Amino acid sequence: MTFQPGQSGNPSGRPKGSVNKNLAMLRDAVEKVLPLVVDRALAGDAEAQKLILERGLPKLKPVDAPIEFTLPEVGEISPARALLLQAAEGAIPLSNAQAAVRELMPILSQERRAVEQEQPPQNAYINAYLGKILGGYSKS
């Protein structure tokens with residue numbers, strides 16, 4: 001049996017807008033207790049401060065800051081090696097260099113094939129792609 005549009009499957013069920021009694025009691029309790037916890041936290045109670053900080057603030061997520069990196073001129077060392085060298089010098093984080101090299105491998109093999117066929121490599125494309133991967137910008 002199918003239901004008609006707009007007809008409930010349980011017409012004698014919970015009415016719209018009703019609230020669970022336990023949830024309503026909890027909300028009332030929070031309204032009464034929260035000012036007390038805040039007062040205790042302001043008075044120096046470490047447990048109250050910890051409770052407010054743990055429950056009241058969202059957890060922070062790490063965010064990578066934009067980084068600056070340089071790519072070699074065409075014909076010097078490979079872009080992957082240049083990135084790893086910069087990571088070894090501490091100029092860029094190693095994890096960023098590894099991620100960029102991993103993402104670059106298909107492009108670098110395409111570039112190598114283009115060089116073998118005597119076509120100019122697309123260095124600007126690689127710079128833009130690296131900038132997107134590393135969240136920064138490149139200077140070529």
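Residues numbered from 1 in each chain as written. Predicted model: local features only at pLDDT ≥ 70, side-chain atom pairs only at ≥ 80, totals over all residues. Heavy atoms only, no water.

Quick look at helix α3 (residues 79–88)
Buried residues of α3: Pro79, Ala80, Ala82, Leu83, Gln86 and Ala87, and no others. Buried residues of α3 fall within an arc of 165° about the axis and therefore sit on the same side. The outward face of α3, more than 90 degrees from its buried face, is lined by the exposed residues Arg81 and Ala88. Looking one or two residues beyond α3, the residue adopting positive phi is glycine 90, at roughly 85°. (Buried < 20%, exposed > 50% of the residue type's maximum accessible area, 1.4 Å probe, protein only. Helix = DSSP H or I, 4+ residues; strand = E, 2+ residues; numbered from the N terminus. Arc of directions from axis to C-beta.)

Examining a nonpolar patch on the surface
Residues Val19, Leu23, Leu26, Val30, Leu34, Val38 and Leu42 make up a contiguous nonpolar surface patch of roughly 610 Å² in combined accessible area. Take valine 19: it is sitting in the segment before α1 (21–42). (Patch = residues over 30% accessible without salt bridge, like charges linked within 9 Å, V, L, I, M, F, W, Y side chains within 5 Å. Areas by Shrake-Rupley, 256 points an atom, 1.4 Å probe, with all protein chains shown as cover. Salt bridge = Lys/Arg side-chain N within 4 Å of Asp/Glu carboxyl O.)

Considerations on the environment of glutamine 49
Tracing the sequence through the fold places glutamine 49 in helix α2 (residues 46–56). For the pair formed by glutamine 49 and aspartate 39, sequence separation is 10 residues and the distance between their alpha carbons is 9.8 Å. Apart from the residues within four sequence positions on either side, glutamine 49 is in contact with Ala41 and Gly44. (Contact = heavy atoms within 4.5 Å.)

Digging into the nonpolar core
The biggest cluster of nonpolar side chains holds 13 residues, and the ones touching the most others in it are Phe69, Leu83, Ile92, Ala97 and Leu104. Residue assignment for this core shows that the elements contributing at least two residues are α3 and α4 (94–116). Per element, the largest residue contribution to this core is six residues, and it comes from α4. (Core = buried A, V, L, I, M, F, W, Y, C linked by side-chain atoms within 4.5 Å.)

Quick notes on the packing of α1 against α2
In the contact formed by α1 and α2, the axes pass within 7 Å of each other and the chain directions differ by 120°. Here α2 runs oblique to α1, going by the angle between their axes. Handedness of the α1/α2 crossing: left-handed. Touching Val37, Val38, Arg40 and Ala41 of α1 are Ala48, Gln49, Leu51 and Ile52, all from α2. Class assignment of the residues belonging to the contact of α1 with α2 gives a composition of six nonpolar, one polar and one charged. (Axes fitted to C-alpha atoms, helices over the stretch in contact; angles between N-to-C directions. Parallel < 35°, antiparallel > 145°, perpendicular 65-115°, else oblique. Left-handed = near helix turned anticlockwise from the far one by under 90°. Nonpolar A, V, L, I, M, F, W, Y, C, P; charged D, E, K, R; others polar.)

Some details on the confidence of the model for the protein chain
Detailed reading of the predicted model is not advised wherever pLDDT is low. Of the residues in the protein chain, 74% reach a pLDDT of 70 or more, and the chain-wide mean stands at 77. Mean pLDDT values over the elements of the protein chain span from 48, in strand β2 (residues 137–139), up to 91, in α1. (pLDDT = per-residue confidence, 0-100.)

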